[in-house]
Structure formats: C-alpha cells, structure tokens
Amino acid sequence: MDIAAVNVLSYEDFVEVFGNVVEKCPLIPAAVWSCRPFVSVKAFEAAINEFIDALPESGKEGILRCHPDLAGRDLKSGTLTRESLEEQAVAGMDALSSSEAARMARLNEEYKKRFGFPFVICARMNEKAAILQQLSERCQNERIVERARGIEEVKKICRLRIHTLLLSDRTFKL
Ligand SMILES: NC(=O)N[C@H]1NC(=O)NC1=O
C-alpha cells in the first residue's frame, strides 16, 4: 500500500489498518485521519508525532501506560497485541533465562514505582542485553527526562509499525 492508497481510505478502514500503530491508542490515528491527504509516508508519521507532541504531559504519560511491560504479564498470559508480541519476540523477550527474567521483572517494577508509567523502548531496535542495560540506566533518570525519552521510543515503534503495515499483503488486500 502506498501513500495514495492510504489517503483514500475511509476513516473506518484507516483506523482498522493503523489503529495500533501507537499501542492501544486508536484515538491517535482516528484524530490524524483528518490531516489527509499526506504528501508522503514521512508526512503521515509527522502528523502522528505532532499530535503526540501537542498532548498535555498527562496525555503523554497515558500513552506510555498503554504499553505492556517487556517480558511482563501480558507476554506470559498470551494477551499481548500482535504487534507487541512480534516486537518482543524479535528482541528475545520470550526467551529470557530465569535470571534475566527475574532481573527484568525487578527493574520493570522499580521503574514503574519511580515514574508511575512503564519503561518503553523500541524492542525491534535493541537486543536483549541492550534492553536490560538501558532499563537499569534509565531507572536513574529524572521523571521529565524519562517521559520524553519514553515518548521518543513510542515514535520509533510507531514508525516501524507503519512501515510494516504498508509492506504487508494483508494491508494491500484491503
Ligand atoms: N514496554 C515496551 O517497551 N513495550 C514495547 N516496546 C516495543 O517495541 N513493543 C512494545 O510493546
């Protein structure tokens, strides 16, 4: 699917296709639909980023809170979204040793307790060891720094999800 095909989608189809480009936040593509026509995929991504940037800080934290923990409860219970499951598998989150899993769980809890939102990182752009290291380092940051950092990671995840959808056969058939 190219940007011309994206631009002619009804809002129902648009939200069906792009509804989870920001994890569990279909409101974002639903809002951005009215910015069409997009001149390019980059412009589509920019419209989403601008919408996110214009949110109050509480809204940005809300976006972060819609993300499942890495190697967390949803992965164990099989309730991750399709996108998140794929991303976590690429980063090896479904194949942690028991000591890695224990460390991840402990640091995820420490992070959430400190900031009030979960640790978010673009799993497709990081390997297991880098994720654990970043989680440990980012636990030391200030809350404002982490909120901004998490949102930048959300944008990276979103960009990769859009690219995957535009390349996939499923989207093309719509
Ligand atoms: N917590 C967190 O980073 N979650 C995610 N990261 C990612 O790439 N996909 C996710 O669901």
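Per an unreviewed UniProt entry, the chain goes by 2-oxo-4-hydroxy-4-carboxy-5-ureidoimidazoline decarboxylase and derives from Oryzias sinensis. For the chain, the Pathway (unreviewed entry) comment in UniProt is given as "Purine metabolism; urate degradation; (S)-allantoin from urate: step 3/3." Its UniProt record gives the chain a comment under Sequence similarities (unreviewed entry), which states: "Belongs to the OHCU decarboxylase family."

Chemist: I'd love a proper account of the overall build of the chain, names of residues and values included.
Modeler: Scanning the chain from terminus to terminus reveals 11 helices and zero strands. Beginning at the N terminus, the succession of helices and strands in the chain can be written as α-α-α-α-α-α-α-α-α-α-α. With respect to the principal axes defined by its C-alpha atoms, the chain has extents near 50 × 35 × 25 Å. Across the 174 residues that make up the chain, the buried fraction comes to 44%. Of the contacts formed within the chain by residues at least 6 apart in sequence, a portion of 70% connects residues at least 24 apart.

Chemist: How would you explain the site of the ligand if you had to name every residue and give the values?
Modeler: Taken together, Pro68, Leu70, Ser84, Glu87, Phe119, Val120, Ile121, Cys122, Ala123 and Ile157 make up all the residues around the ligand. For the ligand, a nitrogen atom lies 2.8 Å from a polar atom in the backbone of Ile121. Protein coverage of the free-state accessible area of the ligand, which is 290 Å², stands at 100%. In this structure the site holding the ligand corresponds to the largest cavity. Partitioning the shell around the ligand into residue classes produces eight nonpolar, one polar and one charged.

Chemist: Run through the UniProt feature "domain: Oxo-4-hydroxy-4-carboxy-5-ureidoimidazoline decarboxylase" (unreviewed entry) in the chain, naming residues and quoting values.
Modeler: The feature "domain: Oxo-4-hydroxy-4-carboxy-5-ureidoimidazoline decarboxylase" (unreviewed entry), as annotated in UniProt, sits at residues 7-162 in this numbering. Helix makes up 64% of residues 7-162 and strand 0%, and the two end C-alpha atoms of the span are 14 Å apart.

Chemist: Any chance you could break down empty space enclosed by the protein for me, citing the residues and the numbers?
Modeler: Think of a ball as big as a water molecule: rolled over the atoms, this probe shows where empty space is left. Applying the stated criterion across every chain, the model contains one cavity of 30 Å³ or more. Taken as a whole, the largest cavity holds about 120 Å³ of empty space. Every element with two or more residues in the lining of the largest cavity is listed here: α7 (82-90) and α10 (143-167). Broken down by element, the lining of the largest cavity gets its largest block of residues, three residues, from α7.

Calculation rules
- Residues numbered from 1 in each chain as written.
- Predicted model: local features only at pLDDT ≥ 70, side-chain atom pairs only at ≥ 80, totals over all residues.
- Heavy atoms only, no water.
- UniProt positions renumbered as here; feature names shortened; annotations may be inferred.
- Helix = DSSP H or I, 4+ residues; strand = E, 2+ residues; numbered from the N terminus.
- Buried < 20%, exposed > 50% of the residue type's maximum accessible area, 1.4 Å probe, protein only.
- Contact = heavy atoms within 4.5 Å.
- Near = heavy atom within 4 Å.
- Polar contact = N/O pair within 3.5 Å; in protein donor to acceptor, adjacent residues only side chain to side chain.
- Areas by Shrake-Rupley, 256 points an atom, 1.4 Å probe, with all protein chains shown as cover.
- 1 Å grid on protein atoms, 1.4 Å probe; cavity = no way out; pocket = protein on both sides within 12 Å on 5 of 7 lines; lining within 4 Å.
- Sits in = over half its atoms within 2 Å of the grid points.
- Nonpolar A, V, L, I, M, F, W, Y, C, P; charged D, E, K, R; others polar.
- Points joined across faces, edges and corners; volume = space filled by probe spheres on them.

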